[in-house]
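One letter stands for each residue in the lines below.
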Amino acid sequence: MKKKHKKIIRFFSWILFIIYLIVMVYFLFFSEQFGRVPRDTYRYNLEPFTEIKRYIKYSKEIGSFNVIINLFGNVACFMPFGFVLPILSNKQRNIFKVTFLSFLCSVTVELIQLVSKLGSCDVDDVILNTLGGLLGYIMFCICIGIIHIFTGKKKH
């Protein structure tokens, strides 16, 4: 791919990434629909897979929509992070770096939710968000592989 095309892609990726971050901040900290209202008490779960199991076990009572939003939403919301990060920086084209940065970003979000008492701090969200970042990176690698097949170039 020509350098000019790479610069254009990187420029638009930055714009999309900034829009993505703004939308994420809204849904993670300000959306009343997702329970982002100030509370008097701290809400947290530090036991891995507790909430995931609860959502699966009580899916009929909770409702399919809420289960999908919580479980798959947490994965899906970090997939763009894992996909776009390697586009923005060649230094981030490493599965371990992207996974670690997804983990770090998720922990930061959960700690902000804990301290601000907006939403709940949940270790299961960290697990699901990190998985989402990893899946986003895998999708990035698949897309790069497809591009290289169609352009006939080898991966750098």
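The structure this text deals with has already been given above.
Here's what I pulled together on the structure shown here. Predicted, not measured: the structure shown is a model, and the values here were computed from it.

**Brief notes about the packing of helix α2 (residues 50-57) against helix α4 (residues 64-76)**
Pairs of packed helices are described in terms of their axes, by the angle between the two and the distance that separates them.
Then, in step 1: Where α2 contacts α4, the axes come no closer than 10 Å and their chain directions differ by 155°. Taken together, the axes of α2 and α4 are roughly antiparallel relative to one another. Two packed elements cross with a definite hand, and for α2 against α4 that hand is left-handed. Only N66, V67, N70 and L71 of α4 make contact with α2, whose side of the interface consists of I52, Y55 and I56.
Then, in step 2: The residue inventory of the contact of α2 with α4, partitioned by class, reads five nonpolar, two polar and no charged.

**Some words on the packing of aromatic side chains**
Then, in step 1: Under the counting rule described, the total for this entry stands at eight aromatic pairs.
Then, in step 2: Their ring planes at 50° and their centres at 5.9 Å tell us that F78 and F81 sit as a pair that is tilted.
Then, in step 3: Taken together, the ring pairs connect W14, F17, Y20, F78 and F81 into an aromatic cluster.
Then, in step 4: One residue, R54, lies across the ring of Y55, its end atom 5.0 Å from the ring centre.
Then, in step 5: Against the face of Y42 rests K117, its NZ or CZ located 4.6 Å from the ring centre.

**A few points about the side chain of S13**
Then, in step 1: Locating S13 in the fold gives a position in helix α1 (residues 3-30).
Then, in step 2: Looking at S13, its side chain comes within polar contact range of the main-chain oxygen of I9, at 2.7 Å.
Then, in step 3: Excluding residues within four positions of it along the chain, S13 makes contact with V84, I87 and L88.

Basis of the calculations
Residues numbered from 1 in each chain as written. Predicted model: local features only at pLDDT ≥ 70, side-chain atom pairs only at ≥ 80, totals over all residues. Heavy atoms only, no water. Axes fitted to C-alpha atoms, helices over the stretch in contact; angles between N-to-C directions. Helix = DSSP H or I, 4+ residues; strand = E, 2+ residues; numbered from the N terminus. Parallel < 35°, antiparallel > 145°, perpendicular 65-115°, else oblique. Left-handed = near helix turned anticlockwise from the far one by under 90°. Contact = heavy atoms within 4.5 Å. Nonpolar A, V, L, I, M, F, W, Y, C, P; charged D, E, K, R; others polar. Phe/Tyr/Trp six-rings, centres within 6.5 Å; stacked < 30°, edge-to-face > 60°. Lys NZ or Arg CZ within 6 Å of the ring centre and 35° of its normal. Polar contact = N/O pair within 3.5 Å; in protein donor to acceptor, adjacent residues only side chain to side chain.

Scope: geometric values only; no functional claims are made or implied.
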